[in-house]
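A closer look at the structure
Listed below are the residues making up each chain.
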Amino acid sequence: MTTTPAGPATPTPARSWRATAAACTTVVLWASAFVSIRSAGEAYSPGALALGRLLAGVLVLGAILLVRREGLPGRGAWRGIITSGVLWFGLYMVALNWGEQEVDAGTAAMLVNIGPILMALMGARMLGEGLPRRLLLGMGISFSGAVVVGLAMSGHGSSSVLGVALCLLAAVVYALGVVSQKPALAYGSSLQINTFGCLIGAVACLPFTGVLISEAADAPMSATLNMIYLGVFPTALAFTTWGYALARTTAGRMGATTYAVPAIVVLMAWVLLDEVPTPLGVLGGLLCLAGVAVSRSRQRPAPAAPALPVVEHRPDAERRSARRP
């Protein structure tokens, strides 16, 4: 199956609603991933956890692709698929898993949330998307909220130079992966792009196969189930809904939407882990949500100027009136 890039379609209310629902699904599932990573990371090393998660994602995405008979994406998609597969599906997941073991959760959250800012800047530079004022203002508000959430979560662990570097690396490759994936979505569906991106990420993580097998033999069932959950929902489902929404908006706006993740993580940790949020954490979560609302709002069009009366110019009538005494 070969597809050609299509021009931007005019968004209808139905399409806009679906894209918003897809983005919300992604944000909620990615927020839940932090809870599962915390559990699975106690039994699995960073590379093994990434590989197990990607293998579960490939199985689910591949099965859906076969059932839907979508086939291969267009030739123009493969550059973006390979780049995003190696960087976002592969390197990002390993670096993030490893970085979160070297620094406390608050520091990791603050560093990784540099990614959406880099995404907006790269989208403007590499994709010509522009940087609207509301997007920049909203991202500034959200990032300040992410910092506040990070400060509220800090103080319960230690940080190392290696951990900081790994979290910064995760933020950079996350942004590069998204910006690389955006053009590929013009040549194939989100399901196609993410299925093969996930497959390439899994291939890149194959050196961790031996570690995964040995750790799976000793890991508790809860950790393994959390790893499978990460592959099925935050990877297979969430990356597909992300691609669907990304194809219908800019990389910068989608990146700004992910700033809702810290707020949802605070709520989920309260509900699922019985971790009562501090007032500082609540404040940071509210700032994140407020920034997302600002960045995704659309500027109202300027009111049209009132139409001036049209005066019909009739030169013959003017000449006749000028001859009268």
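Below: a short report on this structure. Just so it is clear, the structure is predicted and the values come from calculations on it, not from any experiment. Starting afresh in each chain, residues are numbered from 1 along the sequence in its written order. Confidence filtering applies because this is a predicted model: local features only for residues at pLDDT of at least 70, side-chain atom pairs given and counted only at 80 or more, and all residues used for totals across whole chains, interfaces and linings. Side-chain numbers here rest on the full set of heavy atoms in the structure, without hydrogens or water.

Helix numbers and strand numbers start at the N terminus; a helix is a DSSP run of H or I with at least 4 residues, a strand a run of E with at least 2. Looking at where L131 falls in the secondary structure, it is placed in the loop between α5 (115-126) and α6 (133-153). Linking L131 and L121, residues ten residues apart in sequence, is a C-alpha distance of 7.7 Å. Setting aside chain neighbours within four positions, we find L131 in contact with A120, L121, A124 and L136. Contacts were defined at the residue level, with two residues in contact if any of their heavy atoms lie within 4.5 Å.

Our focus in this paragraph is the packing of helix α2 (residues 46-68) against helix α8 (residues 190-204). Only the stretch in contact is used when a helix axis is fitted, and all axes are lines through C-alpha atoms; the angle between N-to-C directions ranges over 0 to 180 degrees. At a minimum axis separation of 9 Å, α2 and α8 run at an interaxial angle of 145°. Here the hand of the crossing between α2 and α8 comes out left-handed. Contacts between α2 and α8 pair L51, L54, L55, G57, V58, L61, G62, I64, L65 and R68 from the former with L191, Q192, N194, T195, F196, C198, L199, G201 and A202 from the latter. Handedness of a crossing is defined here by the sense of rotation of the near helix relative to the far one, left-handed for an anticlockwise turn of less than a right angle and right-handed for a clockwise turn.

Turning to the packing of aromatic side chains, a few remarks are in order. Stacked, edge-to-face and tilted labels apply to pairs of Phe, Tyr and Trp rings (six-membered ring for Trp) whose centres lie within 6.5 Å, assigned for plane angles under 30 degrees, over 60, and everything in between, in that order. In this structure the tally under the stated criterion is eleven aromatic pairs. Relative to Y174, the ring of W88 has its centre 6.0 Å away and its plane inclined at 45°; by these criteria the two rings are tilted. Taken together, the residues span a long stretch of sequence, with W88 in helix α3 (residues 78-102) and Y174 in helix α7 (residues 161-184) at a distance of 86 residues. This pair shows no difference in class: W88 is buried, exactly as Y174 is. Feature note: the residues W30, W88, F89, Y92, Y174, F239 and W242 constitute an aromatic cluster, connected by ring pairs. As a reminder, the over-ring test applies to NZ of lysine and CZ of arginine, requiring each to be within 6 Å of the ring centre and within 35 degrees of the ring normal. The positively charged end of R248 is found above the aromatic ring belonging to Y244, 3.6 Å away from the centroid. Burial here depends on accessible area, computed with a 1.4 Å probe over protein chains only, as a share of the maximum for the residue type. Under 20% is buried, over 50% is exposed, and the range in between is partly exposed.

This part covers α8. One less than the residue count of a helix, multiplied by 1.5 Å, gives the span that helix is expected to have. The first and last C-alpha atoms of α8 sit 21 Å apart over 15 residues, in line with the 21 Å expected at 1.5 Å per residue. Most of α8 sits inside the fold, with twelve of its 15 residues counted as buried. Within the sequence span of α8, burial applies to S190, L191, Q192, I193, N194, T195, F196, G197, C198, I200, G201 and A202. Where α8 is buried, its residues touch α2, α3, α7 and α10 (221-246).

Another point: the pattern of salt bridges. Pairing between side chains of opposite charge can happen when the charged atoms of each approach one another. The working definition used for a salt bridge is a side-chain nitrogen of Lys or Arg within 4 Å of a carboxyl oxygen of Asp or Glu. Using the criterion set out here, one finds one salt bridge in the structure. Ionic pairing is found between E70 and R68, a salt bridge with its closest N-O pair at 2.8 Å.

Structurally, the position occupied by T241 is in helix α10. Any N or O atom pair separated by 3.5 Å or less is treated as a polar contact, with the protein-specific requirement of one donor-capable and one acceptor-capable atom, and with residues adjacent in sequence counted only for side-chain atom pairs. Only 2.9 Å separates the side chain of T241 from the backbone oxygen of A238, close enough to count as a polar contact. In this structure, T241 is in contact with A22, T25 and T26, ignoring residues within four places of it in sequence.

Before going further, it helps to examine the environment of V148. With respect to the element layout, V148 can be found in helix α6. Judged by relative accessible area, V148 falls into the buried class, the value being 15%. Considering only alpha carbons, one finds V148 and G284, 136 residues apart in sequence, at a separation of 4.8 Å. Excluding anything up to four places from it in sequence, V148 contacts L280, G284 and L287.

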